[in-house]
Amino acid sequence: MNEADKKRIGKFLSLVLRHSPETIGIELDENGWAITNDLIEKCRKHNYNFSMDDLIEIVDTNDKKRYAFSEKKDKIRASQGHSININLALEPVEPPEFLYHGTATRFIQSILQKGIMKQNRRHVHLCKDKATALKVGSRHGKPEVLVVMAKKMFDEGITFYRSDNGVWLTNYVDVKYISK
Ligand code: HQG
């Protein structure tokens, strides 16, 4: 499978597993899992043709490890980034002192007034390092990285989760925990 195919299929998997499984007529369970064989078969019917071996390669080599199999590989899900109402069932964890949020400069003013909101997704997404946050921000335009006082939030009772691929998740970041 060539890189272009992997990328094309990967993007489609993100669409289906994070935002709209109905595109191909599959259902995700309450924790966001799809039945692997069902996914492969229904993707094929929508002109995304790949085998189980191809899918294993896509999952293993994805640059951000965006998808994860269940232990027996009979189920697959996206590790984060969902807009649909599923529960990843992650354990709350204590974050490091600081986490980083990459955004676009045009959103800064609004964020400094209203806080970081999850918008269309299930969580606010935060990174453990500035370099990754910069890349996330550049998806939206001219990037800027905000520093989030994560440990202080945690100490004040706010819950954090870490996805299987190391992205930090929380519900909302109040302005008082953000610095430029
Ligand atoms: C912004 C990718 C104005 C927020 C990434 C962001 C991540 C506000 C945008 C994951 C705001 C939402 C998620 C406010 C937040 N006023 N703008 N009050 N509060 N925003 O794409 O964090 O590569 O939904 O700053 O790596 O960019 O796809 O969230 O710019 O982990 O695997 O509203 O998606 O993962 O944008 O990205 P998004 P995000 P993948």
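Just so you know, these numbers come straight off a predicted model, no measurement behind them.

## Overview of the packing of aromatic side chains
- Inspection of the entire model under this criterion finds 1 aromatic pair.
- With 3.7 Å between their ring centres and 0° between their planes, Phe12 and Tyr48 make a pair best called stacked. Separated by 36 residues along the polypeptide, Phe12 in helix α1 (residues 3-19) and Tyr48 in the loop between α2 (36-45) and α3 (52-61) bring together distant segments of the chain. Of the two residues, Phe12 and Tyr48, both sit in the buried class.

## Some remarks on α2
- Along α2, the residues that are buried comprise Thr36, Leu39, Ile40 and Cys43. Along the long axis of α2, the arc covered by the buried residues comes to 95°, so they all point the same way. Exposed residues pointing more than 90 degrees away from the buried face of α2 are listed as Asn37 and Lys45.
- Elements that come into contact with the buried residues of α2 comprise α1, β1 (34-35), α3, β2 (67-69) and β3 (75-78).
- Where α2 terminates, the next one or two residues include Asn47, which has phi positive at roughly 70°.

## Focus: the site of the ligand
- Taken together, 20 residues surround the ligand, and among them Arg18, Lys64, His101, Ser110 and His140 come closest.
- In the model, a nitrogen atom of the ligand is placed 2.9 Å from a nitrogen or oxygen of the Met117 main chain.
- Here an oxygen atom of the ligand sits 2.7 Å away from a polar atom, N or O, in the side chain of His140.
- Bound to the protein, the ligand loses 89% of the 780 Å² it would expose on its own.
- Within the residue set of the shell around the ligand, elements represented by two or more residues are β4 (99-104) and α4 (105-114).
- When residues of the shell around the ligand are assigned to their parent elements, the largest contribution, 4 residues, is made by α4.

## With respect to the nonpolar core
- Within the largest apolar cluster, 27 residues are counted, with the highest numbers of intra-cluster contacts made by Leu13, Leu17, Leu39, Cys43, Phe50, Leu55 and Ile76.
- Contacts of Leu55, omitting those with residues within four sequence positions, involve Leu13, Thr36, Leu39, Ile40, Phe50, Phe69 and Ile76.

## Quick look at the sheet that holds β1
- The antiparallel open sheet is built from 3 strands, whose spatial order is β1-β3-β2. Both edges of this open sheet fall to β1 and β2, since each of them pairs with a single strand only.
- Sheet analysis places β1 next to β3, joined by 2 bridges and oriented antiparallel. Opposite Ala34, over in β3, you have Ile76 as the bridge partner.
- Against the sheet, α3 contacts β2 and β3, and its axis sits at roughly 125° relative to β2.

Each value, and the rule that gives it
- Residues numbered from 1 in each chain as written.
- Predicted model: local features only at pLDDT ≥ 70, side-chain atom pairs only at ≥ 80, totals over all residues.
- Heavy atoms only, no water.
- Phe/Tyr/Trp six-rings, centres within 6.5 Å; stacked < 30°, edge-to-face > 60°.
- Helix = DSSP H or I, 4+ residues; strand = E, 2+ residues; numbered from the N terminus.
- Buried < 20%, exposed > 50% of the residue type's maximum accessible area, 1.4 Å probe, protein only.
- Arc of directions from axis to C-beta.
- Contact = heavy atoms within 4.5 Å.
- Near = heavy atom within 4 Å.
- Polar contact = N/O pair within 3.5 Å; in protein donor to acceptor, adjacent residues only side chain to side chain.
- Areas by Shrake-Rupley, 256 points an atom, 1.4 Å probe, with all protein chains shown as cover.
- Core = buried A, V, L, I, M, F, W, Y, C linked by side-chain atoms within 4.5 Å.
- Pairing = 2+ DSSP bridges.
- Axes fitted to C-alpha atoms, helices over the stretch in contact; angles between N-to-C directions.

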